[in-house]
Amino acid sequence: MPKTPATPSTNDDAPETPAVGKGRATPSRAEQEAARRRPLVANTKEARAAARAELNERRNRAQAGLAAGEEKYLPARDRGPQRRWVRDYVDAGWHPAEFVMGVMVLVIVASLMPPNLAIGGFAIAYWAYLVMMGYLVLSIGGMILLGFRVKRKVAEKFGKERRERGLGWYAAMRALQMRFMRLPKPQVRRGDYPA
C-alpha cells in the first residue's frame, strides 16, 4: 500500500514571500561610470597646495642630495667612482681657470676707465686686455695639462682598460668653475688629494 507523503512542517516565523535579489535596483552603466569618475588633477585648493608642498619637498631633498654628492641624486654625467675621484682631485687643487671670471670682470672695469689715463703711452684698457689674453692662455694650458694628468692618474688607479671616456674634459670643465659654484659641492679641502 502506497504511503502518502507526510505534510511538510510549517514554520510560522518565516515570511510568506522570500526576498528576491539584493533589495535595490541594479545601477545602469552610466551611473556606475559617473560614480567612478575622478579628476586626473586635483581640483580642490587643499589638494593643489598639498601637491605643491610635496613637490617642493622632493625638489629640496634632491637639491640637497646633489650638493652633498649623493649618488642617487647626481645626473648621469657625474655618477660613478671614477667621476667622484676626478671631482675630488680637481677640488683639492688650485687652478688658474677658476679665476677667469674674476679677471674678466676686472678687465671690464678697466675698459670703463677714461682713455686719457695711460701707462707707458697706452690706455689702461689696452693693458687690461693684454693681461686678460695672457691669463686665458695660461688657464687653457692649465686645463689641458690637468686633463692629461687626470687621465694618467685614473688609468693608474682604476686600470687603463676600465678608464671611462671624457674624464679629462670633465676635469677641465670642473676646474673652470669657481669653487663655490661647483655642483656637486667640493667634498675635500684644498691640498687633500685623493689616493
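Residues numbered from 1 in each chain as written. Predicted model: local features only at pLDDT ≥ 70, side-chain atom pairs only at ≥ 80, totals over all residues. Heavy atoms only, no water.

Chemist: Can you explain the overall build of the chain? Please cite residues and give values.
Modeler: Tallying secondary structure elements over the chain gives six helices and two strands in all. When the helices and strands of the chain are listed from N to C terminus, the series reads α-α-α-α-β-β-α-α. The burial tally for the chain puts 24% of its 195 residues in the buried class. When contacts within the chain are restricted to residue pairs at least 6 apart in sequence, those whose partners lie at least 24 apart make up 71%. Looking at the chain as shown, the accessible area adds up to about 14900 Å², and 62% of this sits on carbon and sulfur atoms. (Helix = DSSP H or I, 4+ residues; strand = E, 2+ residues; numbered from the N terminus. Buried < 20%, exposed > 50% of the residue type's maximum accessible area, 1.4 Å probe, protein only. Contact = heavy atoms within 4.5 Å. Areas by Shrake-Rupley, 256 points an atom, 1.4 Å probe, with all protein chains shown as cover.)

Chemist: Tell me about a nonpolar patch on the surface, and name the residues and values.
Modeler: The grouping of I119, F122, Y126, W127, Y129, L130 and M133 at the surface amounts to a nonpolar patch, some 670 Å² of accessible area in total. Residue position: M133 is located in helix α5 (residues 124-158). For M133, a relative accessible area of 33% corresponds to the partly exposed category. (Patch = residues over 30% accessible without salt bridge, like charges linked within 9 Å, V, L, I, M, F, W, Y side chains within 5 Å. Salt bridge = Lys/Arg side-chain N within 4 Å of Asp/Glu carboxyl O.)

Chemist: Please set out unusual backbone geometry residue by residue, giving values where relevant.
Modeler: For the bond running from L183 to P184, omega is -10°, close enough to zero to count as cis. Tracing the backbone shows P184 in the segment after α6 (167-176).

Chemist: I'd like a description of α6, backed by residues and values.
Modeler: Most of α6 sits out of view: seven of its 10 residues are buried. Every buried residue belonging to α6 is among L167, G168, Y170, A171, A172, R174 and A175, and all of these are buried. Looking at the buried residues of α6, the elements they touch are α3 (81-92) and α5.

Chemist: Lay out the packing of aromatic side chains with the relevant residues and their values.
Modeler: Two aromatic rings, taken as a pair, are described by how far apart their centres are and by the angle between their planes. All chains considered together, the criterion is met by four aromatic pairs. Look at Y89 and Y193: their rings are 5.2 Å apart centre to centre, the planes differ by 55°, and that puts the pair in the tilted class. With Y89 in helix α3 and Y193 in the segment after α6, the pair connects residues that are 104 residues apart, well separated along the chain. On the basis of relative accessible area, Y89 is assigned to the buried category, the value being 9%. Since its relative accessible area comes to 45%, Y193 is described here as partly exposed. Cluster of aromatic residues (ring-pair linked, three or more members): W85, Y89 and Y193. Its guanidinium or amino end placed over the ring of F158, K157 lies 5.6 Å from that ring's centre, counting from NZ or CZ. The cationic tip of R190 hangs over the ring face of W94; the distance from NZ or CZ to the ring centre is 3.7 Å. (Phe/Tyr/Trp six-rings, centres within 6.5 Å; stacked < 30°, edge-to-face > 60°. Lys NZ or Arg CZ within 6 Å of the ring centre and 35° of its normal.)

Chemist: Describe the layout of surface pockets, listing the residues and the values that go with them.
Modeler: Roughly 150 Å³ of volume is contained in the largest pocket. As for the largest pocket, its lining consists of I140, M143, I144, G147, F148, K151, G168, W169 and A172. The set of elements that each furnish at least two residues to the lining of the largest pocket consists of α5 and α6. Here the lining of the largest pocket gets six residues from one element, more than from any other, and that element is α5. (1 Å grid on protein atoms, 1.4 Å probe; cavity = no way out; pocket = protein on both sides within 12 Å on 5 of 7 lines; lining within 4 Å. Points joined across faces, edges and corners; volume = space filled by probe spheres on them.)

Note that every value here comes from positions in space, so none of it alone points to a role or purpose.
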